[in-house]
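Residue-level structural notes
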Amino acid sequence: MTDARLIGSDIPLAERYDLALVDLDGVAYRGHEPIEGASAGLAGARSAGMRLVFVTNNASREPESVAEQLTSLDIPTEPGDVLTAAQAAAALLATRLQPGAKVLVVGGAGLVTAVTAAGFTVVSSADEHPDAVAQGFAPEVGWQQLAEAAYAVSGGAWFVASNLDLSLPTARGFAPGNGALVGAVQAATGVVPDSAGKPASTMYEIAVERAGAREALVVGDRLDTDLAGARTGGFAGLHVLTGVSTARDDVLAPPALRPHYIAADLGGLLVPHPEPVRAAEGWWTSGEAAARVVDGRLELAERAAGVDLVRAACAAAWAAVDAGETLDPQSVPELGVAPEDAAGVGAGR
């Protein structure tokens, strides 16, 4: 995938790709609450023959816990269908450290389990002279753990972060994510950590290798992690508008963060995706929607709404920016998309 543009599929994505690498927070659920359309969309994808692997930047929980939560939300899942940033961090540690090396773990049970399973010795104090510090999100992480991490990193320990997400979507809103906590250690030491999680494509590559997939589709809600990782790894990416990044963010996205497909929710796996088409007078069309950029400002035809309008707006904006034009962000409105649009307007019917 080299062209940073939207692409089309004349068949449902669940039929085109044999594996979906599905993010969790903001995609399958929000905090402990289900997201509308998630269960039905994923069940439909499985019925069409698509395999699912849930790939999450959350390193605090073990795969068994994640699988239990998904199953309780009517998304039947086995632990082997879950790949966490903790597991990716352990894999990254193994590229440099020998078995038995000491690792100071800052995080929850999921990270402790993953680091231990990889053959390393988990320690809790900088006084034990760890070879590395592995930091992942957990609600219980506090000043004492961060201080130990800072002492160890300052002493020369390799600093590895499970991911660098600044925020974490919850049922009550956005809370500080692992990136915010990593920032405290980085600020204290001046050391920038190596990151195993998205937007690095490490987890995607591990999941594809495990599944033996022919062609994988990344599904996520964040442009800066999920979709950036798809671009980095050469995978197609579907942005679902149920989490952090909005449709307006899509329109304004730089090439490295752009999705290949856009849908209101996971129902977008079950429908074709029309490729936007350049029409007369600079208009880009998708279904009944149309958009163009004139003198640096985005113009939208008001005859349609929903995902088709988002797709047309992205095509127009991206083509203009890639041609060297300057797009005025103030001309890009919020583009609300209702869940039913994924199977209606957004399907290009």
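To keep things clear, this report deals only with the structure shown in the data block. (Residues numbered from 1 in each chain as written. Predicted model: local features only at pLDDT ≥ 70, side-chain atom pairs only at ≥ 80, totals over all residues. Heavy atoms only, no water.)

1. Quick notes on helix H7 (residues 178-189)
Keep this limit in mind: Comment: elements are numbered from the N terminus, with helices defined as DSSP H or I runs of at least four residues and strands as E runs of at least two. Expected span of a helix, by definition, is 1.5 Å for each gap between consecutive residues, and there is one gap fewer than residues. Each residue's exposure class comes from its accessible area (1.4 Å probe, protein chains only) as a fraction of the maximum for that residue type: buried when under 20%, exposed when over 50%, partly exposed otherwise. Taken from the helix axis, the directions to the C-beta atoms give the arc we talk about. Any two residues having at least one pair of non-hydrogen atoms within 4.5 Å are treated as being in contact.
Taking 1.5 Å of rise per residue, the 12 residues of H7 would be expected to cover 16 Å, and the 17 Å separating its terminal C-alpha atoms lies within 8% of that figure. When we look at burial in H7, the residues that qualify are Asn178, Gly179, Leu181, Val182 and Val185. The arc enclosing the buried residues of H7, seen along the axis, measures out at 160°, which places them on a common side. With respect to the buried face of H7, the exposed residues turned more than 90 degrees away are Ala187 and Ala188. Buried residues belonging to H7 abut strand E8 (132-135), helix H6 (143-154) and strand E9 (158-161). Phi turns positive, to about 80°, at Gly190, one or two residues after H7.

2. A few points about the sheet that holds strand E19 (residues 297-300)
Keep this limit in mind: Note: two strands are recorded as paired if DSSP finds a minimum of 2 bridges between them. Convention adopted: a line fitted to C-alpha atoms gives each axis, helices being fitted over their contacting stretch, and angles between N-to-C directions are expressed from 0 to 180 degrees.
The four strands lie next to each other as E16-E17-E18-E19, forming an open sheet whose pairing is antiparallel. Only two strands of the sheet have a single partner each, and these edge strands are strand E16 (277-278) and E19. Where strand E17 (residues 284-286) and strand E18 (residues 289-294) come together, three bridges link them in antiparallel fashion. Residue Thr285 lies in a different strand from E18, and its bridge partner there is Ala290. Packed onto the sheet, helix H11 (residues 307-322) meets E16, E17, E18 and E19 and runs at close to 25° relative to E18.

3. Points about the packing of helix H4 (residues 85-93) against helix H8 (residues 202-211)
We apply this condition: Between 65 and 115 degrees an angle is taken as roughly perpendicular, under 35 as roughly parallel, over 145 as roughly antiparallel, and anywhere else as oblique. Three classes are used: nonpolar for Ala, Val, Leu, Ile, Met, Phe, Trp, Tyr, Cys and Pro, charged for Asp, Glu, Lys and Arg, and polar for all others, with Gly counted as polar.
Here H4 crosses H8 at 95°, and the two axes come no closer than 10 Å. In this view, H4 runs roughly perpendicular relative to H8, as classed from their interaxial angle. Here Ala85, Gln87, Ala88 and Ala91 of H4 lie close against H8, whose contacting residues are Met203, Ile206 and Arg210. Residue composition of the contact of H4 with H8, grouped by class: five nonpolar, one polar and one charged.

4. Structural notes on the side chain of Ser286
Definition in use: Whenever two N or O atoms come within 3.5 Å, that pair is a polar contact, provided that in protein one can donate a hydrogen and the other can accept it, and provided that, for residues adjacent in sequence, both atoms are side-chain atoms.
Among the structural elements, Ser286 can be located in strand E17. Look at Ser286 and you get buried, because its relative accessible area is 2%. At a separation of 2.9 Å, a polar atom in the side chain of Ser286 contacts the side chain of Asp308. Leaving out residues up to four positions away in the same chain, Ser286 has contacts with Pro274, Asp308, Arg311 and Ala312.

5. Observations concerning helix H9 (residues 223-233)
Most of H9 is tucked away: eight of the 11 residues are buried. Buried within H9 we find Leu223, Thr225, Asp226, Leu227, Ala228, Gly229, Ala230 and Arg231. Among the structural elements, H8, strand E13 (216-220), strand E14 (236-240) and helix H10 (247-252) are those in contact with the buried residues of H9. Backbone geometry just downstream of H9 places Gly234 in the positive-phi region, at approximately 80°.

6. With respect to the packing of aromatic side chains
The following threshold applies: Aromatic contacts are taken between Phe, Tyr and Trp rings whose centres are within 6.5 Å, Trp giving its six-membered ring; a plane angle under 30 degrees counts as stacked, one over 60 as edge-to-face, and the others as tilted. Throughout this description, the term charge over a ring refers to an Arg CZ or Lys NZ atom that lies within 6 Å of the ring centre and within 35 degrees of the ring normal.
Throughout the structure, instances matching the rule amount to two aromatic pairs. Ring geometry for Tyr17 versus Tyr261: centroids 6.2 Å apart, planes at 80°, classification edge-to-face. With Tyr17 in the loop between helix H1 (13-16) and strand E1 (19-22) and Tyr261 in strand E15 (residues 261-263), this pair connects stretches of sequence that are 244 residues apart. Here Tyr17 matches Tyr261 in class, with each residue buried. Relative to Phe235, the ring of Tyr204 has its centre 6.0 Å away and its plane inclined at 85°; by these criteria the two rings are edge-to-face. Of this pair, Tyr204 sits in helix H8 while Phe235 sits in the loop between H9 and E14, and the two are 31 residues apart along the sequence. Taking the ring centre of Trp158 as reference, the NZ or CZ of Arg96 above it sits at 3.8 Å.

7. Brief notes about the pairing of E18
Taken across its six residues, E18 has five buried, putting it largely inside the fold. Linkage of E17 to E18, two consecutive antiparallel strands, is achieved through a turn of two residues, within which Gly287 is found at a positive phi near 60°. Note that E18 and E19 share four bridges and pair antiparallel. Bridging across to E19, Val294 finds its partner in Arg297.

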